[in-house]
Amino acid sequence: MDFMKLLKSLEELLYELVAWLVFYPLTMWRSVITPLKMMRYADIELSDRLDDQYDDTLSPPLFVLITLLLSQGLSNALPSVYDTTQAARELGSGSNLLIARGVIFGIYPLCMAVTLLRSKASKITRNSLRPPFFSQCYVAAPFAFFLVLGFDFISMPEEHGVLVGSFTVAFAMIWYAQAQVRWFMHDLRIGVQRATAIFLAAFLFATLAALLVALVITFDARSIATSV
């Protein structure tokens, strides 16, 4: 009986992994091309039954994690003037690095979601924070992917990828900004100037917080490595 349960679990796992090959690129395409539609979709899906949620896409947090995993693998594959494996060695493993990246880039959707709730004067609870956070994951994943990819190109030896990298970073920033400004305009029913100001404040705070967390993680990892 236990063996049959194990086989059933493996069957479900295999199906999920193979299904990612279909639903991941579909989710990425829809998130890049129609970010606001995907953010609305995330809100609607949370009201469905648990088994019916995100039936034709990946769930937002899973989408972020897979995107960061692909980004991490791509960073290791591209030539760089930096040692791309150093961070993984300091943190102990590639999985620890993935978790660290998830925490760092997870700050952006968190800050945007909290900013929306505060602007609405809504009480911040686990239930109230979930919908805007899940919505934000659909735009945070492409932003993180293209931003990191751009810096990977910029760090290529002999400045071979500086032009392409600079363009990619600029694309990531502009695309993310327009999606967020439109999201604040729609959800808060405000004009473009106020929405832009709210976004810039939230983005600046999120960036400073992400840098601080990255520094703390790096310092702790190096301290542990030195003491061992």
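Thresholds applied
- Residues numbered from 1 in each chain as written.
- Predicted model: local features only at pLDDT ≥ 70, side-chain atom pairs only at ≥ 80, totals over all residues.
- Heavy atoms only, no water.
- Helix = DSSP H or I, 4+ residues; strand = E, 2+ residues; numbered from the N terminus.
- Buried < 20%, exposed > 50% of the residue type's maximum accessible area, 1.4 Å probe, protein only.
- Contact = heavy atoms within 4.5 Å.
- Core = buried A, V, L, I, M, F, W, Y, C linked by side-chain atoms within 4.5 Å.
- pLDDT = per-residue confidence, 0-100.
- Phe/Tyr/Trp six-rings, centres within 6.5 Å; stacked < 30°, edge-to-face > 60°.
- Lys NZ or Arg CZ within 6 Å of the ring centre and 35° of its normal.
- Axes fitted to C-alpha atoms, helices over the stretch in contact; angles between N-to-C directions.
- Left-handed = near helix turned anticlockwise from the far one by under 90°.
- Nonpolar A, V, L, I, M, F, W, Y, C, P; charged D, E, K, R; others polar.
- Expected span 1.5 Å × (residues − 1).
- Bend = angle between axes of the 7 residues up to and from the residue.
- Patch = residues over 30% accessible without salt bridge, like charges linked within 9 Å, V, L, I, M, F, W, Y side chains within 5 Å.
- Areas by Shrake-Rupley, 256 points an atom, 1.4 Å probe, with all protein chains shown as cover.
- Salt bridge = Lys/Arg side-chain N within 4 Å of Asp/Glu carboxyl O.

K.L.:
Quick question: what am I supposed to make of the overall build of the protein chain here?
P.N.:
If you tally the helices and strands in the protein chain, you get eight helices and zero strands. In the protein chain, the order of α-helices and β-strands from amino to carboxyl end is α-α-α-α-α-α-α-α. Relative to its full complement of 228 residues, the protein chain shows a buried share of 39%. For the protein chain, long-range pairs separated by at least 24 residues make up 71% of all intrachain contacts whose partners lie at least 6 apart in sequence.

K.L.:
Before we go on, may I ask you to explain the nonpolar core in this structure?
P.N.:
If you look at soluble globular proteins, the nonpolar side chains tend to sit buried side by side. By size, the foremost hydrophobic cluster in this structure holds 48 residues, and its most contacted members are Tyr108, Met112, Phe143, Tyr176 and Phe184. Broken down by secondary-structure element, the contributors of at least two residues to this core are helix H1 (2–33), helix H2 (35–45), helix H3 (60–77), helix H5 (94–119), helix H6 (126–154), helix H7 (162–188) and helix H8 (192–227). If sequence neighbours within four positions are ignored, methionine 112 has contacts with Gln136, Tyr176, Gln180, Trp183, Phe184, Phe199, Ala202 and Phe203.

K.L.:
Could you clarify how one ought to interpret the confidence of the model for the protein chain in this entry?
P.N.:
Low-pLDDT portions of the prediction should not be read for the details of their coordinates. In this model, the protein chain carries a mean pLDDT of 87, and residues with pLDDT of at least 70 account for 88%. Per-element averaging of pLDDT across the protein chain places helix H4 (residues 86–91) at the bottom with 65 and H7 at the top with 96.

K.L.:
Before we go on, may I ask you to explain the packing of aromatic side chains in this structure?
P.N.:
The tally for this structure, following the rule as stated, stands at 17 aromatic pairs. On the basis of an interplanar angle of 50 degrees and a centroid distance of 5.5 Å, the ring pair of tyrosine 24 and phenylalanine 63 is categorised as tilted. Residue tyrosine 24 is located in helix H1, and its partner phenylalanine 63 is located in helix H3; the two are separated by 39 residues in the primary sequence. Assessed through its relative accessible area of 11%, tyrosine 24 is described here as buried. Here phenylalanine 63 falls in the buried class, since its relative accessible area comes to 0%. Here the aromatic rings of phenylalanine 143 and phenylalanine 203 are separated by 6.2 Å at their centres, their planes lie at 75 degrees, and the arrangement is edge-to-face. Taken together, the residues span a long stretch of sequence, with phenylalanine 143 in helix H6 and phenylalanine 203 in helix H8 at a distance of 60 residues. What makes phenylalanine 203 buried here is its relative accessible area of 14%. Cluster of aromatic residues (ring-pair linked, three or more members): Tyr24, Tyr41, Tyr54, Phe63, Phe133, Phe134 and Tyr138. Note that arginine 30 overlies the ring of tyrosine 41, its terminal NZ or CZ placed 5.3 Å from the centroid.

K.L.:
It is not clear to me how the packing of H2 against H6 should be interpreted in this structure. Could you clarify?
P.N.:
How two helices pack is summed up by the angle between their axes together with the distance between the axes. One way to put it is that H2 packs onto H6 with a least axis distance of 8 Å and a crossing angle of 145 degrees. Crossing hand, H2 versus H6: right-handed. Contact with H2, carried on its side by Pro35, Met38, Met39, Tyr41, Ala42 and Asp43, involves Pro131, Pro132, Phe134, Ser135, Gln136, Tyr138 and Val139 of H6 and no other residues of that element. Of the residues assigned to the contact of H2 with H6, the class counts are ten nonpolar, two polar and one charged.

K.L.:
Is there a simple way to explain H6 in this structure?
P.N.:
Because each turn of an α-helix spans 3.6 residues, side chains separated by three or four positions end up pointing in the same direction. A rise of 1.5 Å per residue sets the reference length of H6, with its 29 residues, at 42 Å; its end C-alpha atoms lie 39 Å apart and thus fit the reference within 8%. At tyrosine 138, H6 shows its largest kink, close to 30 degrees, and the proline proline 142 lies no more than four residues downstream.

K.L.:
Would you mind showing me how to read a nonpolar patch on the surface here?
P.N.:
On the surface, Leu14, Val18, Leu21 and Val22 cluster together into a nonpolar patch covering about 420 Å² of accessible area. Within the secondary structure, valine 18 is located in helix H1. Looking at valine 18, the relative accessible area reads 47%, which means it is partly exposed.

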